[in-house]
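# Coordinates in review
Chain by chain, the residues run as shown.
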Amino acid sequence: MVRSVVLMVSFSIFLAGCSLYRVDSQDLSSDFYPPKDSSDQVVYFEKLDKPYDLIGIVKITTERMVPLDDVMARMRYEAAVLGADAITDIVAQQQPFRVEYTAKAVVFK
């Protein structure tokens, strides 16, 4: 009985460490921006041509085989929680079995 409980707990901890995504964000602004109702309100711009304020950094770490569309959706959701209007300057850092994506979360002036 004790052995099976220990085995189940160990297996649960192992599976928790094997998640596809690790999502993190850092709020850099002292101002409050209300969260967006939907991640559809956050857009991606490769290059911004209008004034903006940087309000945070969004970081997603995932396995290499995850499609970029899925990563973008998660980044936009996390930026929406921060209250951002857009994400930009995405950087992908390759690791042995994972990729770490970092983007700026911004609001337009």
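Residues numbered from 1 in each chain as written. Predicted model: local features only at pLDDT ≥ 70, side-chain atom pairs only at ≥ 80, totals over all residues. Heavy atoms only, no water.

### Points about the overall build of the protein chain
For the protein chain, the helix and strand inventory stands at 2 helices and 5 strands. Taken from N to C terminus, the helices and strands of the protein chain fall in the order α-β-β-β-α-β-β. Within the span of the protein chain, comprising 109 residues, buried residues form 29% of the whole. When contacts within the protein chain are restricted to residue pairs at least 6 apart in sequence, long-range pairs at least 24 apart make up 75% of them. A total accessible area of about 7,600 Å² is found for the protein chain, and carbon and sulfur atoms account for 57% of it. (Helix = DSSP H or I, 4+ residues; strand = E, 2+ residues; numbered from the N terminus. Buried < 20%, exposed > 50% of the residue type's maximum accessible area, 1.4 Å probe, protein only. Contact = heavy atoms within 4.5 Å. Areas by Shrake-Rupley, 256 points an atom, 1.4 Å probe, with all protein chains shown as cover.)

### Overview of unusual backbone geometry
Residues other than glycine seldom take positive phi values, yet aspartate 89 does so here, at roughly 55°. By the element assignment, aspartate 89 lies in strand 4 (residues 86-94).

### Some details on the packing of aromatic side chains
Using the criterion set out here, one finds 1 aromatic pair in the structure. Ring centres of phenylalanine 45 and phenylalanine 108 lie 6.0 Å apart, and the angle between their planes is 75°; this geometry places the pair in the edge-to-face category. Of this pair, phenylalanine 45 sits in strand 2 (residues 43-45) while phenylalanine 108 is found in strand 5 (residues 98-108), placing the two residues 63 residues apart along the sequence. The exposure class assigned to phenylalanine 45 is partly exposed, which follows from its relative accessible area of 30%. The class of phenylalanine 108 is partly exposed, set by a relative accessible area of 23%. (Phe/Tyr/Trp six-rings, centres within 6.5 Å; stacked < 30°, edge-to-face > 60°.)

### With respect to the environment of arginine 98
Here arginine 98 is to be found in strand 5. A sequence separation of 33 residues divides arginine 98 from methionine 65, and the C-alpha atoms of the two residues are 8.5 Å apart.

### Re the sheet that holds strand 3 (residues 52-63)
Spatial strand order, 1-3-5-4-2: 5 strands in an open sheet with mixed pairing. Bordering the open sheet on either side are strand 1 (21-27) and strand 2, each of which pairs with just one other strand. Pairwise comparison of adjacent strand axes, ignoring direction, gives a mean angle of 30° for this sheet. Pairing of strand 4 with strand 5, which is carried by 7 bridges, proceeds in the antiparallel orientation. From the neighbouring strand, valine 91 faces strand 5, where its bridge partner is threonine 102. The strands that helix 2 (residues 68-82) touches are strand 1, strand 2, strand 3, strand 4 and strand 5; relative to strand 3, the one it contacts most, it runs at about 140°. (Pairing = 2+ DSSP bridges. Axes fitted to C-alpha atoms, helices over the stretch in contact; angles between N-to-C directions.)

### Some words on a nonpolar patch on the surface
On the surface, Leu28, Tyr52 and Leu54 cluster together into a nonpolar patch covering about 240 Å² of accessible area. Inspection of the secondary structure assignment puts leucine 28 in the loop between strand 1 and strand 2. The partly exposed category is assigned to leucine 28, whose relative accessible area is 41%. (Patch = residues over 30% accessible without salt bridge, like charges linked within 9 Å, V, L, I, M, F, W, Y side chains within 5 Å. Salt bridge = Lys/Arg side-chain N within 4 Å of Asp/Glu carboxyl O.)

Just distances and angles here, no functional claims.
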